[in-house]
Structure formats: C-alpha cells, structure tokens
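In case you want the letters, here they are:
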Amino acid sequence: MSATAAGVLDVRLDLFPRQLRFVLDPARFPGYVGGIGAGKSHAGAAKMLAKVATTPPGLSMVAAPTYPMLRDATARTLMRLMTDAGWPYRLHRSDNVITLTSGHEIILRSLDNPETLRGPNLDAAWVDEASLVAREAWQIVKGRVRSGPAPQAWTTFTPKGRNWCWEEWERDADADHPLYRVRTDENPELPEGFGPSLGYTGAFAAQELGGEFVAFEGLVWPGFRRDRHVARVACDDWRATLAVDIGTRNPTAILTLRGEPERRHVQAEVYRRNMSSEEIVAAVEAEADRVRPERIWIDPSAAAYIETLRRHGYPAAKANNDVVYGVGMVATALDEGLTIDPSCVNLIAEMESYHYPDGRANDDKPVKEFDHACDALRYGIASEGRRMTGQLAY
Ligand SMILES: Nc1ncnc2c1ncn2[C@@H]1O[C@H](COP(=O)(O)OP(=O)(O)OP(=O)(O)O)[C@@H](O)[C@H]1O
Ligand SMILES: [Mg+2]
C-alpha cells in the first residue's frame, strides 16, 4: 500500500494479506491477535505509519507492557519501519518522544504504570502485547484517543488465556472491535519450521501458535488473584534472592525476590527468549550487582551456569527442583500474601495459565510449557528453608 499526507510523508508498506486488511481497517479499536512471530509488531507499527501518513500533524502513542519490551521490540520495530520508509525522525530519549519533520509526534510509553498516561489527547494509539497489560491501562488508552479526524486505538498480541482481551475482541466483540486472527505459520517471512521448532503442544500450541483464546482448566494456583497478589511494594531495603530458569529457544526467566520466606515480594523479572549463554550470565550478574542477593537459585540442570557465576564471585546454588513440593510451597506463599510487582507481566500471565494435564487438578506434574517464570518462582521459594518458632506441646 502507499499513502501520502499533503505531500509530506509517503510510505510504501509490504504486508501480507491479513496484515494489510488490519492496517486499512478504519474501526475504532481493531485487534490483531496472533501466534509468536505472526507479524504482530510489524502490523501494529505499519498501521501507525499508515495513520501518520494520512492524517494532519498530531500526537500519537506507541505502548508496550513494560519498558524493556517497549525499547527492545515495539519501538524498535516502529523506528525500523520509519527508517525503511525514508522518514526523517528524531528520538528524544529523555522524554521518550519521536518527532517527525512533518510535525507529527509519537510518544512511547510502558503501561505497567498507567497513571503516567493521564493527560494528553491522542489521534492514535497502538498497544503491543496488549494481553500482558492490565485492563485498566487499556481503558485509559481508549479514553485518551479522541482527537484528530479519525481517532483510533489498536492492539496486537498473543492471547494469554481468556483474560480481558478475550472479552473485548471475542466474547463481547462488536463493530468497533474487529479481530484479525493470524497463525504463526501465516507469516511468510519466518524460517521454515519455526512454529513447530518451539515445541508447543495442545492448548499452548493453540494459544502460542494459533492465536486462540484458550480456557485453561485445572490451574495449579487457582488462588492467584491479581487484585490480591499484584501490588507495588516499597522493598528496596529488604533482603534479596534471585531465581533463574535457563532457556535458550524458550525464554530465560530471572526473578528478583525480596523479603523473608514468610513475607515475599517478587520485585522484578527478566524474561527473554533466544539469549546466548553469555547474555544469560551477563543479565543475571547485572541484576545481582543491582540488588546484592544472598543467593542465586538456579535450575539444578544448569551446572555450567552455576559454576561460571561462582567463579565470578556470585552466590549461585542449585535450586530445589522437586515440582510437587515447590508447587505446594508457592501455594502456601500465595496464601500468606506473596505479592508480585505489576511490571512482572510474564510471570503474572504464566501464573494465570500454569495448569495440570487434561485439566486434572491432582498431584500430577503441571504441563511443562509456558512455565519458565513459574519454574523460577518455584526455585526461589522452595529452595529456602523456613524458620519454625513456637513451643512443642506435650
Ligand atoms: N509484512 C512483512 N514484511 C516483511 N517482514 C515481515 C513482515 N511481517 C513480519 N515480518 C518479519 O517477520 C518477523 C516476525 O514479525 P514480528 O516481529 O512483527 O512478529 P511478532 O508477532 O510481533 O513476534 P513476537 O511474537 O516475537 O512479538 C520479523 O523479522 C519481521 O520483520
Ligand atoms: Mg512482537
């Protein structure tokens, strides 16, 4: 497609058919729901370029669930497309704004603290990985998009169970909320066999490769509730431990735990796929330098990482990987008021879908997919003993 705004900006976008229909859809709140690598970020960014090229100068927003996701994926895709289009732009890092010589401005925001969104009126907004964002943040975005000739806000995401995105674009869908579902294998740019190489089966394959909203039965931690367990806690002076689940094709998850076993808070997460072993070690060490953990609990099968970190002077140790015990310890911690910072969006999404095979909530082991942050949480909590105080009654 090609579009020109008053002779100022011209853009030619190469899109596959479903991406093109999404980009051209004039509805108020379109959603592009796809599997991993289904061209979601590309389509969301292309829609922003198309919008900017066809509307007079104004203010728009590009948003992602967390700042690292915004910086490493969402904004990067947007800037690559603008560079490819030959648009002169400037990124003002201090206030996270992109300005174009045409006079258009695009603000870049992470949505883990939606209060920072109050204020501007927007012509357009794109929320990438919207299923990891709280419903309240999307509501605020919708309310802000109300200026320019055709205000529009759109999302791109891989589903995370039947959360608010399912309600918005499937269960309660209306003409304002058209849904474009794209399977991973519809993206012709991916290498042959990319989807199957990720190793998903069953419900997770339907979600992560098919872009379907799956209801997960037999949740491992049915007691987990966002309104009770997701909270900001001032804990910088609490003792710290790190917990690490190593992945290569799968994501590596690094959690920063604070507090005593009886009162825990998960303060931060790193969650990234395709990291090299050097990148994994560097990421663990960077977080350890920040929080000075008493221990770094690591996947016991990752002996080489433990060895490397110890050699570098870090307190790495083999985690307890007894699944049934660890699952029970996390359940106890949740009962006792374990809290998770809202920026830990991947841990939260995994906890809402971590389930037993065939929906059976018995003492089977949970399905071993999409469990990377959950495994790290298990390690962090199950590897520490608990102090028992009190008197024995005879
Ligand atoms: N229309 C297109 N033309 C050229 N390349 C494309 C197109 N759509 C997607 N791609 C490429 O395909 C790859 C995956 O696309 P993209 O990153 O947009 O997918 P995604 O669904 O956002 O992935 P993730 O699940 O990792 O967030 C990228 O290398 C991207 O540049
Ligand atoms: Mg993406």
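Criteria and thresholds
Residues numbered from 1 in each chain as written. Chains lettered and ligands numbered in written order. Predicted model: local features only at pLDDT ≥ 70, side-chain atom pairs only at ≥ 80, totals over all residues. pLDDT = per-residue confidence, 0-100. Contact = placed C-beta atoms within 7 Å. Pairing = 2+ DSSP bridges. Helix = DSSP H or I, 4+ residues; strand = E, 2+ residues; numbered from the N terminus. Axes fitted to C-alpha atoms, helices over the stretch in contact; angles between N-to-C directions. Buried ≥ 20, exposed ≤ 12 C-beta atoms within 10 Å, placed from the backbone. Parallel < 35°, antiparallel > 145°, perpendicular 65-115°, else oblique. Left-handed = near helix turned anticlockwise from the far one by under 90°. Nonpolar A, V, L, I, M, F, W, Y, C, P; charged D, E, K, R; others polar. Near = placed C-beta within 6 Å.

Caption draft 1: Region of the structure containing the confidence of the model for the protein chain. Scored by pLDDT, the protein chain has a mean of 93; 95% of the residues are at 70 or more. Note on residues 2–7: pLDDT under 50 across the span, and 14 contacts to partners over four residues away in sequence or across chains.

Caption draft 2: Seen up close, the sheet that holds strand β6 (residues 97–100). Pairing in this open sheet of eight strands is mixed, and the strands run β5-β6-β7-β4-β8-β9-β3-β10 from one edge to the other. The sheet is open, and its two edges are formed by β5 (89–92) and β10 (179–182), each paired on a single side. For this sheet the average axis-to-axis angle between neighbouring strands, irrespective of direction, equals 15°. One ladder, built from four bridges, connects strand β3 (residues 31–34) with β10; its direction is parallel. Each bridged residue has a counterpart across the sheet, and for Tyr 32 the counterpart in β10 is Tyr 180. Contacting β4 (59–64), β5, β7 (105–110) and β8 (124–128), helix α3 (residues 67–84) runs over the sheet at an angle of about 130° to β4.

Caption draft 3: Layout of the sheet that holds strand β16 (residues 339–340). Strand order in the open sheet formed by six strands is β15-β14-β11-β12-β13-β16, with mixed pairing between adjacent strands. Looking along the sheet, the strands with just one partner apiece sit at the ends: β15 (316–318) and β16. Inspection of the sheet shows strand β11 (residues 240–245) paired to strand β12 (residues 252–260) by six bridges, in the antiparallel sense. Counterpart to Ala 243 in the pairing with β12 is Leu 255. Running over the sheet, helix α9 (residues 277–291) touches β11, β12, β13 (263–272) and β14 (296–298) and is turned about 20° from β12.

Caption draft 4: Region of the structure containing helix α5 (residues 164–171). Of the positions making up α5, those classed as buried are Cys 165, Trp 166, Glu 168 and Trp 169. For α5, the secondary structure elements touched by its buried residues are β3, β9 (152–157) and β10.

Caption draft 5: Just the packing of helix α2 (residues 40–54) against α3, in detail. Between α2 and α3, whose axes approach to 9 Å, the crossing angle comes to 55°. Considered as vectors, α2 and α3 are oriented oblique to each other. Judged by the twist between their axes, the crossing of α2 over α3 is right-handed. Judged by residue contacts, Ser 41, His 42, Ala 45, Ala 46, Met 48 and Leu 49 of α2 engage Ala 73, Thr 74, Thr 77, Leu 78, Leu 81 and Met 82 from α3. For the contact of α2 with α3, the class distribution of residues is eight nonpolar, four polar and no charged.

Caption draft 6: Seen up close, the site of ligand 1. The immediate surroundings of ligand 1 are formed by 16 residues, with Gly 39, Lys 40, Ser 41, His 42 and Glu 189 found nearest. Considering each element in turn, the shell around ligand 1 owes the most residues, three residues, to α2.

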